[in-house]
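Working through the structure, step by step
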Amino acid sequence: TSRSRHQCIPKIHHTDKYTHYTTAAPQNTKDALIRSLTRRAYIICSSKHLPKELSYIKQVLLDNGYPLPRIHLIMQRTKVSINRKKSSKPASNHADACVPSTPQSPSPYKPSPNVIKSSFNI
């Protein structure tokens, strides 16, 4: 798949400067930074490039004053959350899909059976 070729490459002008851990910013803001960088890596990077990207994120966070135990804790919780969401996702069912509103279907959230059949060639 195309996903297997992806790796996270920062823009050339990115300085890797984030809110320093010692600032007066709320703790949940600092934790959200760790979560968002970690989640982005899991979503974008292939399994081949993921360890390198997570290592890079750890180093950037350390450079911004984040304590390693906190980084590991939030990264681990994020990984568990991502894996839980992946395993609990039901298989895609085209019959549940929303289709654009048409004269036969006044609401985009409640398409008529005829619209579903024609949209998916059923």
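Overview of the structure. What you are looking at is a predicted structure, and each value in this text was computed from that prediction instead of being measured.

Looking now at the overall build of the chain. Per the secondary structure count, the chain includes four helices and zero strands. Ordering the α and β elements of the chain from the N terminus gives α-α-α-α. By the burial criterion, 27% of the 122 residues in the chain qualify as buried. In the chain, once contacts between residues fewer than 6 apart in sequence are set aside, the share between residues at least 24 apart is 56%. Here the chain displays about 8800 Å² of accessible surface, and carbon together with sulfur accounts for 58% of that area.

Here we come to the packing of helix 2 (residues 50-63) against helix 3 (residues 68-88). Between helix 2 and helix 3, the shortest axis-to-axis distance is 10 Å and the interhelical angle comes to 140°. On the basis of the axis angle, helix 2 is oblique to helix 3. Here helix 2 and helix 3 pass one another in a crossing that is right-handed. For the pair formed by helix 2 and helix 3, the contact residues are Leu54, Ile57, Lys58, Leu61 and Leu62 on the first element and Leu68, Ile71, His72 and Met75 on the second.

The final tally for this structure, using the stated rule, is one salt bridge. Between Arg70 and Asp31 there is a salt bridge whose closest N-O contact spans 2.4 Å. Of the two residues, Arg70 sits in helix 3 while Asp31 sits in helix 1 (residues 27-44), which places them 39 residues apart along the sequence. For Asp31, a relative accessible area of 8% puts it in the buried group.

All right, on to the packing of aromatic side chains then. Overall, the coordinates contain one aromatic pair when judged by the stated rule. Here the guanidinium or amino end of Lys30 rests over the ring plane of Tyr21, the centre of that ring lying 4.8 Å away.

A contiguous patch of positive charge on the surface is contributed by Arg35, Arg39, Arg84 and Lys85. For the positive patch, the elements supplying multiple residues, two or more each, are helix 1 and helix 3. Here Lys85 is to be found in helix 3.

The next subject is the environment of Thr19. Tracing the backbone shows Thr19 in the segment before helix 1. Given a relative accessible area of 38%, Thr19 falls into the partly exposed group. As a C-alpha pair, Thr19 and Asn64 span 45 residues in sequence and 7.2 Å in three-dimensional space. The residues contacting Thr19, other than those within four sequence positions of it, are Ala25, Asn64 and Tyr66.

This next bit is on unusual backbone geometry. Its identity as a non-glycine residue notwithstanding, Asp16 has a phi of 60°, on the positive side. With respect to the secondary-structure elements, Asp16 resides in the segment before helix 1.

Moving on: the packing of helix 1 against helix 2. Look at helix 1 against helix 2: their axes get within 10 Å of each other, and the N-to-C directions meet at 160°. Regarding the angle of helix 1 to helix 2, the classification is roughly antiparallel. For the crossing formed where helix 1 meets helix 2, the hand is right-handed. Across from Leu33, Ile34, Leu37, Thr38, Ala41 and Tyr42 in helix 1, the residues of helix 2 making contact are Leu50, Glu53, Leu54, Ile57 and Leu61. Taken together, the residues of the contact of helix 1 with helix 2 sort by class into nine nonpolar, one polar and one charged.

The rules behind the values
- Residues numbered from 1 in each chain as written.
- Predicted model: local features only at pLDDT ≥ 70, side-chain atom pairs only at ≥ 80, totals over all residues.
- Heavy atoms only, no water.
- Helix = DSSP H or I, 4+ residues; strand = E, 2+ residues; numbered from the N terminus.
- Buried < 20%, exposed > 50% of the residue type's maximum accessible area, 1.4 Å probe, protein only.
- Contact = heavy atoms within 4.5 Å.
- Areas by Shrake-Rupley, 256 points an atom, 1.4 Å probe, with all protein chains shown as cover.
- Axes fitted to C-alpha atoms, helices over the stretch in contact; angles between N-to-C directions.
- Parallel < 35°, antiparallel > 145°, perpendicular 65-115°, else oblique.
- Left-handed = near helix turned anticlockwise from the far one by under 90°.
- Salt bridge = Lys/Arg side-chain N within 4 Å of Asp/Glu carboxyl O.
- Phe/Tyr/Trp six-rings, centres within 6.5 Å; stacked < 30°, edge-to-face > 60°.
- Lys NZ or Arg CZ within 6 Å of the ring centre and 35° of its normal.
- Patch = residues over 30% accessible without salt bridge, like charges linked within 9 Å, V, L, I, M, F, W, Y side chains within 5 Å.
- Lys, Arg positive; Asp, Glu negative; His and termini not counted.
- Charge placed at Lys NZ, Arg CZ, Asp CG, Glu CD.
- Nonpolar A, V, L, I, M, F, W, Y, C, P; charged D, E, K, R; others polar.

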